[in-house]
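Structural description and commentary
Each chain, letter by letter, is given below.
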Amino acid sequence: MGLAAGYPEDNGIGNDSAVLFTEDFEGYSGSRISWSEIGGWDNVYGDMLITRTASNVHRGSQAVQITCTGTAQQSHGVVKQVAPQRGYSRAGT
């Protein structure tokens with residue numbers, strides 16, 4: 001359903017003019033998402049690992065892994081600022 005239906009496993013979806021941002025976590029060679037390997041992100045915070053453990057990867061060969069220890073308040077995340085685009089609006093507005 002929707003835009004992604006035309007791109008099995010999201011292959012090539014980043015080339016569609018209706019897509020504002022995509023991320024290819026497969027492209028990270030290090031073990032963490034960090035400022036030195038930030039890619040298209042505007043901000044990275046917390047300890048976000050790249051895992052290659054097959055049982056932790058949904059598709060492909062690696063994924064982002066965030067671990068919550070439950071012992072302290074923690075924040076993890078990545079931020080991408082996307083500029084408003086002409087001809088697009090949020091649903092319901």
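This is a predicted model, so every value here is computed, not measured.

1. A look at the overall build of the protein
For the protein, the count of helices and strands is 0 helices and 4 strands. For the protein, the N- to C-terminal ordering of α and β elements is β-β-β-β. Sorting the 93 residues of the protein into buried and exposed places 17% on the buried side. For the protein, the proportion of contacts with a sequence separation of at least 24, taken over those separated by at least 6, is 39%.

2. Observations regarding the side chain of Asp16
By the element assignment, Asp16 lies in the segment before strand 1 (43-45). Under the relative-accessibility criterion, Asp16 is labelled buried at 18%. Residues within four places of Asp16 in sequence aside, it is in contact with Leu3 and Tyr7.

3. Some points on the environment of Gly14
Looking at the element boundaries, Gly14 is found in the segment before strand 1. Its relative accessible area of 42% is what places Gly14 among the partly exposed residues. Gly14 sits 10 residues away from Asp24 along the chain, and the two C-alpha atoms are 9.5 Å apart. The residues touching Gly14, leaving out its near neighbours within four places in the chain, are Val19 and Thr22.

4. Comments concerning unusual backbone geometry
The backbone of Glu9 shows a phi angle near 55°, a positive value even though the residue is not glycine. Not every positive phi belongs to a glycine, and Asp10 is a case in point at roughly 65°. Looking at where Asp10 falls in the secondary structure, it is placed in the segment before strand 1.

5. Details of the side chain of Gln62
In this fold, Gln62 is placed in the loop between strand 2 (49-51) and strand 3 (63-65). Gln62 has contacts with Phe25, Glu26, Gly27, Tyr28, Ile50, Thr51, Arg52 and Val57, leaving out every residue within four places of it along the chain.

6. Considering the environment of Asp16
Considering only alpha carbons, one finds Asp16 and Leu3, 13 residues apart in sequence, at a separation of 9.1 Å. There is a polar contact of 2.7 Å between the side chain of Asp16 and the side chain of Tyr7.

7. Comments concerning the environment of Val57
Relative to the assigned elements, Val57 resides in the loop between strand 2 and strand 3. Relative accessible area serves as the criterion here: at 13%, Val57 is assigned to the buried category.

Thresholds, definitions, all that
Residues numbered from 1 in each chain as written. Predicted model: local features only at pLDDT ≥ 70, side-chain atom pairs only at ≥ 80, totals over all residues. Heavy atoms only, no water. Helix = DSSP H or I, 4+ residues; strand = E, 2+ residues; numbered from the N terminus. Buried < 20%, exposed > 50% of the residue type's maximum accessible area, 1.4 Å probe, protein only. Contact = heavy atoms within 4.5 Å. Polar contact = N/O pair within 3.5 Å; in protein donor to acceptor, adjacent residues only side chain to side chain.

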